[in-house]
Amino acid sequence: MKSIAEVMRQPQGHWVGDGFPVRSIFSYNGDTAAISPFLLFDYAGPYVFQPNGGAPRGVGQHPHRGFETVTIVYDGEVSHRDSTGGGGTIGPGDVQWMTAAGGVIHEEFHSPAYSKAGGPFRMVQLWVNLPARDKMAPAKYQAITSAEIPVVAFPGGKARIIAGDFRGSRGPASTFSPINLWDVRLDAGASVTLDLPEGHNAMIAVLAGAVTVEDKPGGEADIVRLSVEGAGARVAASSDAMLLVLTGEPLGEPVFGYGPFVMTSEAEIRQAINDFNSGRFGVVAA
Ligand code: MN
């Protein structure tokens, strides 16, 4: 089995634009080897937005380079547009897997319909690092609808497989390095052994409810990080629980991050800033 490395938590929240009340539970400012290939975990909500008759809330045009942003919606709706011409609205159960790679400019807003109606809001945005050789690949966008995500039921719960494999079911997301991303639900009193691979960093994010991972308790917005050594972990729920499970093979490459750019050297960061300032990231069509 894997052993517990630490429990990560960030009680202090902040707003991203005016649409995303997030807790950044981990980011690339910490020990990046321990979280690789992941870079950042923003838990937005749970929150209730009041109906808004004006412009949708969110965050306006901004760049990314060197990694992927993965947005998983639980409640609410987000609309996105980017400089590759990609765009669309995702709602509960849907996932947007955006490969910024060589560079993208995008905007992220509540959908007009959700904005107008208001209501519960909960989502996760995960940043996934790219191997050095893929950092300057062309940008792309995978819109993964809820219907495309296989569901694996087990006694006392179920798992939606967004990426990687779970008990023989394969998730639809294509990834640049070996990654598992599972949306796991457990009923109160249920337990499950998760097949977390040997050689992967593994993290279990508790989005709602209370669980123990091995012997370690975790509550809402805690991320239990497990050792790269060993395989599998036992999770038991003491109340209905919503978990996001992430595992990945560490990239073992340097991480130089500066805001929305994550590269492998300071020189590449300077290049990213120059390229962005000279308009080489393209434009978001009006
Ligand atoms: Mn963004």
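That block above? That's the structure.
Presented here is an overview of the structure given in this document. (Residues numbered from 1 in each chain as written. Predicted model: local features only at pLDDT ≥ 70, side-chain atom pairs only at ≥ 80, totals over all residues. Heavy atoms only, no water.)

## Remarks on the overall build of the protein
Part 1: Tallying secondary structure elements over the protein gives 3 helices and 26 strands in all.
Part 2: The dimensions of the protein, computed from C-alpha atoms along their principal axes, are 55 × 45 × 35 Å.
Part 3: Evaluated residue by residue, the protein yields a buried proportion of 55% over its 286 residues.
Part 4: Taking the contacts inside the protein whose residues are at least 6 apart along the sequence as the reference set, 73% of them involve residues at least 24 apart. (Helix = DSSP H or I, 4+ residues; strand = E, 2+ residues; numbered from the N terminus. Buried < 20%, exposed > 50% of the residue type's maximum accessible area, 1.4 Å probe, protein only. Contact = heavy atoms within 4.5 Å.)

## A short note on the side chain of aspartate 94
Part 1: As for its placement among the helices and strands, aspartate 94 is situated in the loop between β8 (87-90) and β9 (95-99).
Part 2: Of the side chains with opposite charge, arginine 160 lies nearest to the buried aspartate 94, which makes no salt bridge, at 6.1 Å.
Part 3: Aside from chain neighbours lying at most four places away, what touches aspartate 94 is Thr71, Ile72, Val73, Ile144, Thr145 and Ser146. (Lys, Arg positive; Asp, Glu negative; His and termini not counted. Salt bridge = Lys/Arg side-chain N within 4 Å of Asp/Glu carboxyl O.)

## Topic: the nonpolar core
Part 1: One finds Phe26, Phe41, Leu181 and Leu244 to be the most contacted residues of the largest nonpolar core, which totals 31 residues.
Part 2: Here this core takes 4 residues from strand β19 (residues 201-208), the largest share from any one element.
Part 3: Those residues within four positions of leucine 244 in sequence are excluded, and the remaining contacts are Phe41, Ile72, Tyr74, Val124, Leu181, Trp182, Asp183, Met203, Ile204, Ala205 and Leu207.
Part 4: Membership of the second largest hydrophobic core comes to 25 residues, among which are Phe154, Ile204, Ala233 and Val235. (Core = buried A, V, L, I, M, F, W, Y, C linked by side-chain atoms within 4.5 Å.)

## Details of the coordination of the manganese ion
Part 1: Bound to the manganese ion on the protein side are His62 (NE2), His64 (NE2), His106 (NE2) and Glu108 (OE), at distances that span 2.1 to 2.5 Å.
Part 2: Along the chain, the residues that donate to the manganese ion are spaced as H-x1-H-x41-H-x1-E. The burial state of histidine 106 is the same as that of glutamate 108; both residues are buried. (Donors = N, O, S within 2.8 Å, 3.2 Å for Na, K, Ca; no water.)

## Observations concerning helix α3 (residues 266-277)
Part 1: With 12 residues, α3 ought to run about 16 Å at 1.5 Å a step, and its terminal C-alpha atoms sit 17 Å apart, in line with that.
Part 2: Burial in α3 covers these residues: Ile269, Ala272 and Asp275. Seen along its axis, α3 keeps its buried residues to an arc of 125 degrees; they face one direction.
Part 3: Those residues of α3 that are buried are in contact with β25 (256-258) and β26 (261-263).
Part 4: In the stretch just after α3, glycine 279 is the one whose phi turns positive, near 80 degrees. (Expected span 1.5 Å × (residues − 1). Arc of directions from axis to C-beta.)

## So, the packing of aromatic side chains
Aromatic ring pairs: the centre-centre distance and the angle between the two ring planes describe each pair.
Part 1: Per the counting criterion, the structure on display carries 14 aromatic pairs.
Part 2: Ring geometry for phenylalanine 166 and tryptophan 182: centres 4.9 Å apart, planes at 85 degrees, overall edge-to-face. With phenylalanine 166 in strand β15 (residues 165-166) and tryptophan 182 in strand β17 (residues 179-186), this pair connects stretches of sequence that are 16 residues apart. Note on accessibility: phenylalanine 166 and tryptophan 182 belong to one class, buried.
Part 3: Taken together, Trp15, Phe20, Tyr47, Phe49, Tyr114 and Phe121 form an aromatic cluster joined through their ring pairs. (Phe/Tyr/Trp six-rings, centres within 6.5 Å; stacked < 30°, edge-to-face > 60°.)

## With respect to the sheet that holds strand β10 (residues 104-110)
Part 1: Across the sheet, which stays open at both edges, the 4 strands sit in the order β5-β10-β7-β8 with antiparallel pairing between neighbours. If you trace the sheet from one side to the other, it starts and ends with β5 (58-64) and β8, each paired once. Mean inter-strand twist for the sheet, computed between neighbouring axes without regard to direction, equals 15 degrees.
Part 2: By the bridge criterion, 5 bridges tie β5 to β10 in an arrangement that is antiparallel. If you follow proline 63 over to β10, its bridge partner there is isoleucine 105. (Pairing = 2+ DSSP bridges. Axes fitted to C-alpha atoms, helices over the stretch in contact; angles between N-to-C directions.)

## What to know about the pattern of salt bridges
Part 1: Inspection of every chain in the model, using the stated rule, returns 12 salt bridges.
Part 2: Across the pair arginine 225 and glutamate 6 runs a salt bridge, and its minimum N-O distance is 2.8 Å. Note that arginine 225 is positioned in strand β22 (residues 223-226) and glutamate 6 in strand β1 (residues 4-8), a separation of 219 residues in sequence.
Part 3: On the basis of relative accessible area, arginine 225 is assigned to the buried category, the value being 13%.

## Comments concerning the pairing of strand β11 (residues 119-129)
Part 1: Counting buried positions over the 11 residues of β11 gives 10, a clear majority of the element.
Part 2: Alignment of strand β6 (residues 67-75) against β11, held across 8 bridges, turns out to be antiparallel. Paired with isoleucine 72 across the bridge in β11 is valine 124.

## Structural notes on the sheet that holds β19
Part 1: In spatial order, the strands read β1-β22-β19-β24-β17-β14-β13; together these 7 strands make up an open sheet with antiparallel pairing. Strands at the two margins of the open sheet, each flanked by one partner only, are β1 and β13 (151-154). Sheet twist, expressed as the mean angle between neighbouring strand axes with direction ignored, is 20 degrees.
Part 2: Bridge count for β13 against strand β14 (residues 157-163) is 4 bridges, and the pairing is antiparallel. Each residue of the ladder has a partner; that of valine 152, found in β14, is alanine 159.

Purely geometric numbers; function is a separate question.
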